Amino acid sequence: MEDAIILTYDVPADDFTRAGEASSDVKRKLKQMGVGPDAIRKVAIAMYEGEINMVIHAKGGTITVEITTEEIRMTLADVGPGIPDVDLAMQAGYSTAPDEVRSLGFGAGMGLPNMKKYTDEMVIDTRIGEGTTITMAVKL
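Residues numbered from 1 in each chain as written. Predicted model: local features only at pLDDT ≥ 70, side-chain atom pairs only at ≥ 80, totals over all residues. Heavy atoms only, no water.

Looking at an unreviewed UniProt entry, one finds the protein named ATP-binding protein, with Candidatus Enterocloster excrementipullorum as its source organism.

Kindly report on the packing of aromatic side chains, identifying the contributing residues and their values.
The tally for this structure, following the rule as stated, stands at 1 aromatic pair. Judged by centre distance (4.8 Å) and plane angle (20°), the ring pair of F16 and F106 falls under stacked. Taken together, the residues F16 in the loop between β1 (5-11) and α1 (21-33) and F106 in the loop between α4 (99-102) and α5 (111-117) connect sequence positions 90 residues apart. Under the relative-accessibility criterion, F16 is labelled partly exposed at 22%. (Phe/Tyr/Trp six-rings, centres within 6.5 Å; stacked < 30°, edge-to-face > 60°. Helix = DSSP H or I, 4+ residues; strand = E, 2+ residues; numbered from the N terminus. Buried < 20%, exposed > 50% of the residue type's maximum accessible area, 1.4 Å probe, protein only.)

I'd like to hear about the UniProt feature "domain: Histidine kinase/HSP90-like ATPase" (unreviewed entry) in the protein, residue by residue, with values.
According to UniProt, the feature "domain: Histidine kinase/HSP90-like ATPase" (unreviewed entry) maps to residues 18-137 in the numbering used here. Between the C-alpha atoms that bound residues 18-137 the distance is 23 Å, and the span itself is 41% helix and 23% strand. (UniProt positions renumbered as here; feature names shortened; annotations may be inferred.)

Any chance you could break down the pattern of salt bridges for me, citing the residues and the numbers?
For the structure shown, the criterion picks out 10 salt bridges. A salt bridge links K29 to D25; the nearest nitrogen and oxygen atoms lie 2.7 Å apart. Placement of both K29 and D25 in helix α1 is noted, with a separation of 4 residues, approximately one turn of the helix. Note on D25: relative accessible area 13%, which makes it buried. In this structure, a network of salt bridges that share partners links the residues E71, R73, E121 and K139. (Salt bridge = Lys/Arg side-chain N within 4 Å of Asp/Glu carboxyl O.)

Describe the pairing of strand β2 (residues 61-67), with residues and values.
Regular strands place their side chains on alternate faces of the sheet. Residues G61, I63, V65 and I67 of β2 are buried on one face, while the alternating residues T62, T64 and E66, pointing to the opposite face, are not. In this structure, β1 lies alongside β2, joined through 7 bridges in antiparallel fashion. The residue bridging T8 from the neighbouring strand is T64, located in β2. Relative to strand β3 (residues 71-77), β2 runs antiparallel, the two being bridged by 6 bridges. Its bridge partner lying in β3, I63 is registered against L76. Linkage of β2 to β3, two consecutive antiparallel strands, is achieved through a turn of 3 residues. (Pairing = 2+ DSSP bridges.)

Give a detailed account of the nonpolar core, specifying residues and quantitative values.
Counting residues in each nonpolar core, the largest one holds 33 residues, and the members touching the most others are I63 and V65. Those elements giving two or more residues to this core turn out to be β1, α1, α2 (37-57), β2, β3, α5 and β5 (131-139). Setting aside residues up to four positions removed in sequence, I63 forms contacts with L7, T8, Y9, V11, A22, M47, E51, M54, T75 and L76. (Core = buried A, V, L, I, M, F, W, Y, C linked by side-chain atoms within 4.5 Å. Contact = heavy atoms within 4.5 Å.)

An account of α2 is needed here, citing residue identities and associated values.
For α2, built from 21 residues, the straight-helix expectation of 30 Å at 1.5 Å per residue is met to within 8% by its first-to-last C-alpha distance of 30 Å. The positive-phi residue at the C-terminal boundary of α2 is K59, with phi of around 60°. (Expected span 1.5 Å × (residues − 1).)

Break down the pairing of β5 for me, with residues and values.
Counting buried residues along β5, 7 of its 9 residues qualify, which places the element largely inside the surrounding structure. Direction of pairing for β3 relative to β5: antiparallel, over a ladder of 7 bridges. By the bridge assignment for β5, R73 is matched with A137. Between the end of strand β4 (residues 121-127) and the start of β5, which pair antiparallel, lie 3 residues, with G129 showing a positive phi angle near 80°.

Here you go:
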């Protein structure tokens, strides 16, 4: 098997103008690599939702994308407040986003549910007061 391609992105805090830059870059690179459109769409949606969550809730963070011939694995790590109730946060429509974020059209409570919906695997490791790491994979 060939070596994995590793891409790393910094997600800035509270900057909605830059949110989506990482997922757009990965989408462009996957197209150049000839990855199928269905996999690209899944990766782009899941990663974008994760980026937005990092901007809204976690003061930014880092995203590492590992591309192999079998899968695209995304690891989103932050040092935010953590997720107090993962089961509740996974419910469609549940949101802790502040009103000013909602007024921008974000924070509808679909981030985590969409991340799970569009990936083949998703693991949430969260610690209150320390941060959250979400690992997602899309199989090729």
